[in-house]
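Structure assessment
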Amino acid sequence: MMNGQKLPDEFINNMHALFVKADMQDEWEDFLQGFDKDWTRAWRLQVDRTNPEAVARNFVAESALDYEVEDYLKEVPWAQDGYYIPKDAKPGKSLAYVLGLLYIQEASAMLPAEVLATKPGERVLDLCAAPGGKSSQIAKKLNGDGLLVANDISESRARILAHNLEQQGYANTLVTHFDVNEGLPEDWYGYFDAIQLDVPCSGEGMFRRDNQAISSWSEYGPESIREIQMQLLNDASELLKPGGRIAYSTCTFNTWENEEVIVDFLNTHPEFKLIDPREYMSGKDNLRKGIVIDDNYPELTSAVRIWPQDNMGEGHFCALLVKDENYLQESLPDKAKKIKKKKKGKDNSKLKGSSIKLEDALEVFWQFCEKNKDGNFSEEVFSRDKKKYRIINEKLYLMPVEFPELESIHLLKSGCYLGDINNKGKRMSFNPVRTLLLPVPSEYWKYRLELDSFDERVYQLIQGETLFLEDSELEDLINKGIKDQEYIAVTVEGLPLSWVKLNGRRLKNLFPRKLIR
């Protein structure tokens, strides 16, 4: 029994047969008993902005639980900067989470992005990306250089994905909502260096933490999803450029959705081969080999498996497929869509979804930056190339340097959301949003209120309350030239938190409503 629910008999029979085939009979009882154990969550850190010890100290200080710093620093062996969460601890309610320093994720789910091993400068597609754990791993590995297109077929899930990527300040990302099987613009095909493909699956690896997964499996079984998995893998292969790679993954145990999918794919795609990612991965001693279910494909041992009886984590499967760098695709797929380009000479200054000219929006944005920039900060943070910006529904975005044709794509996040253009009244103005702060060094801003993490105003701000300046703080800002109704960047120990607006000694709270706790 598990959480009061019995594992399906068919699942038990199927898994026992698999354990026999894989010569793992001596682990069978350990596997079954594992379903009665507590499942373990994990957190993953943005180490470029802080260090794990500092965040763990923050967890201890904010929690009434009897844990020490080291209890939060037990490493997930296969994941860079991943750590297990002690039972009942809730780092998702911490200040570090609000600051976008960490992402809460199941430990095994950190595997596929480590297998893909994204490098700065690459074009990467996360095809089934929501809620965003793997996308945020990829974005961090890009380190601001390259492009991530994170997509989900569900619009509601894609909006969650967009929110999670914005929360962590990743600017060189696009969040899209499309069904790849319906076709994409021509220049998407053969465009990507790497594709993350964490496909929908029967979810056997989630049985321990989700009773609904058991009910769904009992009703539909693993066979129901196989056609979708194969279609997604075929679609991904067409979008990948020669020499590129696909990390195909599931959170399920059976070979039907794992090794057998790979065999069927390789049988029809001779331009691909399996590569063993253990050569460059950390924690490889904690990873099992794939199961050889076809003697014609002994290289199936290059696939990677996580079994819950081995580690603190659920089940996962991942295979790294690499496309022949000399492969020449003779023609585009029939579903490739030809998008009519705008005629040369046509005025494109009014971009889709806005009545405001881009050049006018950029003028007030750059004026804002000049007004609020610290004179001692010499670096040019925001490009003056208007081709790198886009305005949608009066919202201004800084776009990634390069991206494929977006004319027919449902776009939910366009790079970094900088702020809103207010065109009401006599004068156009720029109103900054929190995400403007995230990719910018805090020292950039002349009008800045620096707080330590124990200042009660930090918690007043994230709870949506009004803040007040101390006399010395107000005097310092006035000496720097601030005027009433102008913006102040609030930082916590050097990390960006929110904007506020000066009104005497009072500070109007501009912390995003959707983040208020």
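This text goes with the structure placed above it.
1. Focus on the pairing of strand S13 (residues 389-392)
Of the two faces of S13, the one lined by Tyr 389 and Ile 391 and the one lined by Arg 390 and Ile 392 are each fully buried. Summarising the sheet, S13 and strand S14 (residues 395-398) pair through 4 bridges and their orientation is antiparallel. Residue pairing for S14: Ile 391 is matched across the bridge by Leu 396. Hairpin connection from S13 to S14: 2 residues lie between these consecutive antiparallel strands, with Asn 393 at a positive phi of about 50 degrees.

2. What to know about the packing of aromatic side chains
Evaluated as defined, the whole model comprises 36 aromatic pairs. Between Phe 368 and Tyr 487 the ring centres are 6.0 Å apart and the planes differ by 70 degrees, which places this aromatic pair in the edge-to-face class. Taken together, the residues span a long stretch of sequence, with Phe 368 in helix H11 (residues 358-372) and Tyr 487 in strand S20 (residues 487-492) at a distance of 119 residues. Joined through ring pairs, the aromatic side chains of Phe 365, Trp 366, Phe 368, Phe 377, Phe 382, Tyr 389, Phe 430, Tyr 444, Trp 445, Tyr 487 and Trp 499 make up one cluster. Stacked on the ring of Tyr 191, the Lys or Arg Arg 123 has its end atom at 4.0 Å from the ring centre.

3. Focus on the sheet that holds strand S18 (residues 448-451)
With respect to topology, 5 strands assemble into an open sheet ordered S18-S20-S21-S22-S19, the strand pairing being mixed. Edge positions in the sheet fall to S18 and strand S19 (467-468), since each of these pairs with one other strand and no more. Both S19 and strand S22 (residues 506-509) contribute to a ladder of 2 bridges, which runs antiparallel. When the sheet's bridge partners are listed, Leu 467 is paired in S22 with Leu 507.

4. Description of a negative patch on the surface
On the surface, Asp 23, Asp 26, Glu 29 and Asp 30 cluster together into a negatively charged patch. Relative to the assigned elements, Asp 23 resides in the loop between helix H1 (9-21) and helix H2 (28-34).

5. Looking at the environment of Lys 140
With respect to the helices and strands, Lys 140 occurs in helix H6 (residues 133-142). For the pair Lys 140 and Asn 479, spaced 339 residues apart in sequence, the C-alpha to C-alpha distance is 38 Å. Lys 140 has contacts with Arg 44, Leu 45, Gln 46, Gln 80, Asp 81 and Tyr 170, leaving out every residue within four places of it along the chain. Among the polar contacts listed, one links the side chain of Lys 140 to the side chain of Asp 81, at a separation of 2.9 Å.

6. Quick look at the sheet that holds strand S16 (residues 416-422)
Paired through their backbone hydrogen bonds, the strands of a sheet run either parallel or antiparallel. Here 4 strands make up an open sheet; going across it, the order is S13-S14-S16-S17 and the pairing antiparallel. Bordering the open sheet on either side are S13 and strand S17 (429-432), each of which pairs with just one other strand. Between one strand axis and the next, the sheet turns through 30 degrees on average, direction left out of account. Pairing of S14 with S16, which is carried by 4 bridges, proceeds in the antiparallel orientation. Looking at S16, one finds that Tyr 397 is bridged to Tyr 417.

7. With respect to helix H7 (residues 155-167)
For H7, with 13 residues, the first-to-last C-alpha span of 18 Å sits near the 18 Å given by 1.5 Å per residue. Among the residues of H7, Ala 158, Leu 161, Ala 162, Asn 164, Leu 165, Glu 166 and Gln 167 are the ones counted as buried. Note on H7: the residue one or two positions beyond its end, Gly 169, has a positive phi of about 80 degrees.

Rules used in this analysis
- Residues numbered from 1 in each chain as written.
- Predicted model: local features only at pLDDT ≥ 70, side-chain atom pairs only at ≥ 80, totals over all residues.
- Heavy atoms only, no water.
- Buried < 20%, exposed > 50% of the residue type's maximum accessible area, 1.4 Å probe, protein only.
- Helix = DSSP H or I, 4+ residues; strand = E, 2+ residues; numbered from the N terminus.
- Pairing = 2+ DSSP bridges.
- Phe/Tyr/Trp six-rings, centres within 6.5 Å; stacked < 30°, edge-to-face > 60°.
- Lys NZ or Arg CZ within 6 Å of the ring centre and 35° of its normal.
- Patch = residues over 30% accessible without salt bridge, like charges linked within 9 Å, V, L, I, M, F, W, Y side chains within 5 Å.
- Areas by Shrake-Rupley, 256 points an atom, 1.4 Å probe, with all protein chains shown as cover.
- Salt bridge = Lys/Arg side-chain N within 4 Å of Asp/Glu carboxyl O.
- Lys, Arg positive; Asp, Glu negative; His and termini not counted.
- Charge placed at Lys NZ, Arg CZ, Asp CG, Glu CD.
- Contact = heavy atoms within 4.5 Å.
- Polar contact = N/O pair within 3.5 Å; in protein donor to acceptor, adjacent residues only side chain to side chain.
- Axes fitted to C-alpha atoms, helices over the stretch in contact; angles between N-to-C directions.
- Expected span 1.5 Å × (residues − 1).

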